[in-house]
Amino acid sequence: MSNSTQDSVEDKTASVTHKNNTKFDPATIHKRLDTSLSRPQLNEDGSLRHFLGVEGLNKAQLQSIIAKAETFFDDNGLLINRPELEGCTVMNLFFEPSTRTRTTFEVAEKRLSANVLNIDIGSSSTKKGESLRDTLWNLQAMTADIFVVRHSSSGAAHFMATEVTPNIAIINGGDGWHAHPTQGMLDMLTIHREAPRPFEELSVAIIGDIKHSRVARSNISALQTLGVKDIRIIAPRTLLPKGIERFGVQVYEDMDKCVTDCDVIMGLRIQNERIGSPLLASSSEYYKHYGITPKRVALAKPDALIMHPGPMNRGVEIASSVADGDQSVILKQVSNGVAIRMAVLALTMQGQRVHQAAKLG
């Protein structure tokens, strides 16, 4: 889904009248949207065939991903290897730069005993004029089983799964401003493992550039599906999407009020190019109003979790003492990222085998 398309969907959710004059409320519209998004991801039996976004997946399906990820930890909480992708070939197709996501995917793939290929998109045929469709077909012909895709265009992974290579498991490693589903799920796994209360009883504050954050979109959707009723967001007005309130979140203008009695405080990265632009005056101004500081953490519950998807801008989004403090689970998010990506890789490959067997049968 392109940014303009997503904006138009958001604009239409407030009030829509069908041609037969039946009026649908926003919840009905979102349910229908989720249904349409679930189709390319799931087999007839509900198993995962692609992983394009958390939208379109129900609570049981998200819980099954979390449960699968849990199987990759031993009794001491350490990651273990399993040869579940032995003989499979995974191609990492990163059309935009990434270090953390690509590295954790590669670690996850090797822990599952997959054959791993990192395709250098910078020198690929797409730079020489070949279409994306032809590039993907050529890669498919090299007996690939899974494509892990990061692309700057929203909806790129969905396009690949539905229009180009439907018989290869497509995993979305982040597309434009749209979604970053494995980041969203590793955050859910971290909350599941570390929070002292179930999702239904949590208050979660998300702070930062909501407007441009695919992480925020995936987290908000996953939190709602898993039953979190109190999702709070705060950002400069220039960094908030128009009409975000329609998506079941509470928008705050005062940071202290936003984090008071919260169970989870989740910071988002502020990209350097936004600082000093019309969107954001300065890093010091941002830290003053929205920084995650020890004083603000003290307003949350005593056992509140501090989270950040990384990379962090210390002294801008978060104080170093908070990032390195006892309540921080930021490094655990990284370990959990490997487990979640192992889970998604294993489940989508299993689902593709079900799909291909059904075609042959």
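(A) Region of the structure containing the overall build of the chain. Secondary structure assignment for the chain yields 13 helices and 11 strands. Counting across all 361 residues of the chain, residues that qualify as buried make up 52%. Carbon and sulfur atoms provide 50% of the accessible area of the chain, an area that totals close to 16,100 Å².

(B) Layout of the nonpolar core. Ile65, Ile206 and Leu345 are the most contacted members of the largest nonpolar core, which has 87 residues in total. With 10 residues, the top contributor of residues to this core is helix H13 (residues 330–360). When near neighbours in sequence (up to four residues on either side) are disregarded, isoleucine 65 contacts Leu48, Phe51, Leu57, Met185, Ile340, Ala343, Val344 and Leu347. Of all hydrophobic cores here, the second largest spans 14 residues; its members include Leu93, Phe147, Val149 and Ile170.

(C) Structural view of the confidence of the model for the chain. On average, residues of the chain score 86 in pLDDT, and 84% of them reach the 70 mark or higher. This stretch, residues 1–26, has a pLDDT under 50; its non-local contacts, to residues over four places away or in other chains, come to 34 contacts.

(D) Inspection of the packing of aromatic side chains at higher detail. Applying the stated criterion to the full structure yields one aromatic pair. The ring of phenylalanine 73 has arginine 193 sitting right over it, with the charged end atom 3.9 Å from the ring centre. Taking the ring centre of phenylalanine 105 as reference, the NZ or CZ of arginine 341 above it sits at 5.0 Å.

(E) Molecular detail of the pairing of strand E7 (residues 203–207). For E7, the tally of buried residues reaches five of five residues, placing the bulk of the element in the interior. Side-chain alternation along E7 places Ser203, Ala205 and Ile207 on one buried face and Val204 and Ile206 on a second face that is also buried. Pairing geometry for E7 and strand E8 (residues 230–234), over five bridges, is parallel. Within the sheet, the bridge partner assigned to valine 204 lies in E8 and is isoleucine 231. Regarding topology, helix H8 (residues 214–225) serves as the crossover connection from E7 to the parallel E8, and that connection is right-handed. Bridging between E7 and strand E10 (residues 264–267) involves four bridges; their strand directions are parallel. In the sheet register, isoleucine 206 faces E10, and the bridge partner there is methionine 266.

So, how was this worked out
- Sequence positions are assigned chain by chain, starting from 1 and proceeding in written order.
- Local features are withheld for residues below a pLDDT of 70 in this predicted model, meaning they are given only at 70 or higher, and side-chain atom pairs are given and counted only at 80 or more; totals for whole chains, interfaces and linings count all residues.
- Only hydrogens and water are set aside; all other atoms, that is, all heavy atoms of the structure, feed into the side-chain values.
- Counting from the N terminus, the helices are DSSP H or I runs at least four residues long and the strands are E runs at least two residues long.
- Exposure categories follow from relative accessible area, calculated using a 1.4 Å probe and restricted to protein chains: below 20% of the type maximum is buried, above 50% is exposed, and the middle band is partly exposed.
- For accessible areas, the Shrake-Rupley method is used with a probe of radius 1.4 Å. Any residue's cover is judged against the shown protein chains and nothing else.
- Here, the term nonpolar core denotes a set of buried Ala, Val, Leu, Ile, Met, Phe, Trp, Tyr and Cys residues that are joined through side-chain atoms within 4.5 Å.
- Contacts are residue-level and defined by heavy atoms, with any inter-residue pair within 4.5 Å sufficient.
- Known as pLDDT, the predictor's confidence for each residue is given on a scale from 0 to 100.
- Stacked, edge-to-face and tilted are the three classes for Phe, Tyr and Trp ring pairs, Trp counted by its six-membered ring, which pair at centre distances within 6.5 Å; planes under 30 degrees apart are stacked, over 60 edge-to-face, the rest tilted.
- To sit over a ring, a charge needs its Lys NZ or Arg CZ within 6 Å of the ring centre and within 35 degrees of the ring normal.
- Strands were regarded as paired on the criterion that DSSP finds at least two bridges between them.
- By definition, the crossover connecting two strands over a helix is right-handed if that path, from the first strand to the second, turns clockwise as seen with the strands pointing away from the viewer.

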